[in-house]
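# Examining the three-dimensional arrangement
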Amino acid sequence: MKTEFLDAMLGHVVFDGWSETSFAAAIRDTEMSQEQARELFPRRALDAAIAFHKRGDAQMAARMKREDLMALKYSERVAAAVRYRLEAAEPHKEEVRRGTALFALPQNAAQGARLVWGTADAIWDALEDRSEDYNWYTKRATLSAVYSSTVLFWLGDSSEDHVATWEFLDRRIENVLQFETFKSQVRRAPFASTLLAGPSWLLSYVRKPVTMPDPDLPGYFSAARDPD
């Protein structure tokens, strides 16, 4: 029923955005009752937009399982995952644009950030990321920034087959790899062992979240281990 309702609503979002008008039109098109629709989407248009975004994440993850990416370099696999995510949304580019406007509103900005984090998390999970420490967070934070900037570029890209977007994505990932290389060089530098002793000790107690009590939340720090 969620899929049926969301598909019906997408045709109206192009004209009326993720709004109460589009939500009401989907109710009419599916002949659902107000009660049924609000049971599926308690916050109405906002929850429908969230479901649309998460559907794209699921489509990306499913494609990652189908494709054989082992011949690619790791950076190319990350780029492929971001590309698959955008290609999943390609038939509904205007709906994505409208969603970007929705989540740019102050009252929805935190939810939008959670969704971007969730996409980054889904990508790293699809890539079978094994991080257990603070790198679990830094990888997702970095990829969230890459994904967000690439989406904005993609929305304004009119090049054939979005070739300009894929070039932009490659540059952003290259920037990230350069930063990771820089971090490794700093850690290996003689002066860094003393300078980073305190921060390194603190970060050693950061662990990826053990549970996710709310699927919309980006995660939380697990309890620090007792140093004794």
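In this text the structure is predicted, and so the values were computed from the model without any measurement.

### Remarks on the packing of helix α4 (residues 45–66) against helix α7 (residues 109–126)
In the contact formed by α4 and α7, the axes pass within 9 Å of each other and the chain directions differ by 10 degrees. When the interaxial angle is binned, α4 and α7 end up roughly parallel. Packed against α4, whose contacting residues are Ile50, His53, Lys54, Asp57, Met60 and Met64, the element α7 presents Gln111, Leu115, Val116, Gly118, Thr119, Ala122, Ile123 and Ala126 at the interface.

### A short note on α4
When the terminal C-alpha atoms of α4 are compared, their 32 Å separation across 22 residues agrees well with the 32 Å that a helix rising 1.5 Å per residue should span. Taken together, the buried positions of α4 are Ala45, Leu46, Asp47, Ala48, Ala49, Ile50, Phe52, His53, Gly56, Asp57, Met60 and Met64. Here the buried face of α4 lies against α1 (2–16), α2 (20–30), α5 (74–89), α6 (93–104), α7 and α8 (135–155).

### Focus: the environment of Arg98
Along the chain, Arg98 falls in helix α6. Residue Arg98 is classed as partly exposed on the basis of its relative accessible area, which comes to 28%. Taking the C-alpha atoms as reference points, Arg98 and Ala49, 49 residues apart in sequence, are found 9.3 Å from one another.

### Details of the nonpolar core
Ranked by size, the top nonpolar core spans 50 residues in total, and within it Phe5, Met9, Trp18 and Leu143 carry the most contacts. Not counting the four nearest positions on each side in its chain, Trp18 is found in contact with Leu6, Met9, Leu10, Val13, Ala45, Ala48, Ala49, Phe52, Glu95, Arg98, Gly99 and Leu102.

### A word on the pattern of salt bridges
As a working rule, side chains carrying opposite charge can pair if their charged atoms are close by. Summed over the entire model, instances satisfying the criterion amount to 14 salt bridges. Glu87 is the salt-bridge partner of Arg63, the closest N and O atoms lying 2.6 Å from each other. Remark: Glu87 occurs in helix α5 and Arg63 occurs in helix α4; sequence separation between them is 24 residues.

### Details of the confidence of the model for the protein chain
Mean pLDDT over the protein chain stands at 84; residues scoring 70 or higher make up 78%. Across residues 217–228, where pLDDT falls below 50, the model places 24 contacts with residues more than four positions away in sequence or in other chains.

### A closer look at the environment of Ala145
Here Ala145 lies in helix α8. Once the C-alpha coordinates of Ala145 and Arg172 are considered, the two residues, 27 residues apart in sequence, prove to be 9.2 Å apart.

### Re the packing of aromatic side chains
If you walk through the whole model with that rule in mind, you get 9 aromatic pairs. Between Phe5 and Phe41, the aromatic rings sit 5.3 Å apart at their centres with planes inclined by 40 degrees, giving tilted as the arrangement. One end of the pair, Phe5, is in helix α1; the other, Phe41, is in the loop between α3 (34–40) and α4, and 36 residues separate them in sequence. Across the pair, Phe41 and Phe5 agree in class, each one buried. Between Phe23 and Phe41 the ring centres are 6.4 Å apart and the planes differ by 90 degrees, which places this aromatic pair in the edge-to-face class. Pair noted here: Phe23 is in helix α2 and Phe41 is in the loop between α3 and α4, with a separation of 18 residues, a long-range link. For the pair Phe23 and Phe41, one class covers both residues: buried. The structure contains a cluster of three or more aromatic residues connected by ring pairs, namely Phe5, Phe23 and Phe41. Lying across the ring of Trp154, Lys93 places its NZ or CZ 5.0 Å from the centre.

### Quick notes on a negative patch on the surface
A grouping of Glu76, Glu167, Asp170 and Glu174 is seen on the molecular surface, where their side chains present a negatively charged patch. Examining the composition of the negative patch, we find that 3 residues originate from one element, helix α9 (residues 163–188), more than from any other. Summarising the element assignment, Glu174 is placed in helix α9. Among the residues examined, Glu174 registers a relative accessible area of 40% and is labelled partly exposed.

### Quick notes on the side chain of Arg77
Within the fold, Arg77 resides in helix α5. As a buried residue without a salt bridge, Arg77 has its nearest oppositely charged side chain in Glu76, at a separation of 7.3 Å. One polar contact links the side chain of Arg77 to the main-chain carbonyl oxygen of Leu72, over a distance of 3.3 Å. Setting aside chain neighbours within four positions, we find Arg77 in contact with Met64, Leu69, Met70, Leu72 and Leu127.

Conventions adopted
Residues numbered from 1 in each chain as written. Predicted model: local features only at pLDDT ≥ 70, side-chain atom pairs only at ≥ 80, totals over all residues. Heavy atoms only, no water. Axes fitted to C-alpha atoms, helices over the stretch in contact; angles between N-to-C directions. Helix = DSSP H or I, 4+ residues; strand = E, 2+ residues; numbered from the N terminus. Parallel < 35°, antiparallel > 145°, perpendicular 65-115°, else oblique. Contact = heavy atoms within 4.5 Å. Expected span 1.5 Å × (residues − 1). Buried < 20%, exposed > 50% of the residue type's maximum accessible area, 1.4 Å probe, protein only. Core = buried A, V, L, I, M, F, W, Y, C linked by side-chain atoms within 4.5 Å. Salt bridge = Lys/Arg side-chain N within 4 Å of Asp/Glu carboxyl O. pLDDT = per-residue confidence, 0-100. Phe/Tyr/Trp six-rings, centres within 6.5 Å; stacked < 30°, edge-to-face > 60°. Lys NZ or Arg CZ within 6 Å of the ring centre and 35° of its normal. Patch = residues over 30% accessible without salt bridge, like charges linked within 9 Å, V, L, I, M, F, W, Y side chains within 5 Å. Areas by Shrake-Rupley, 256 points an atom, 1.4 Å probe, with all protein chains shown as cover. Lys, Arg positive; Asp, Glu negative; His and termini not counted. Charge placed at Lys NZ, Arg CZ, Asp CG, Glu CD. Polar contact = N/O pair within 3.5 Å; in protein donor to acceptor, adjacent residues only side chain to side chain.

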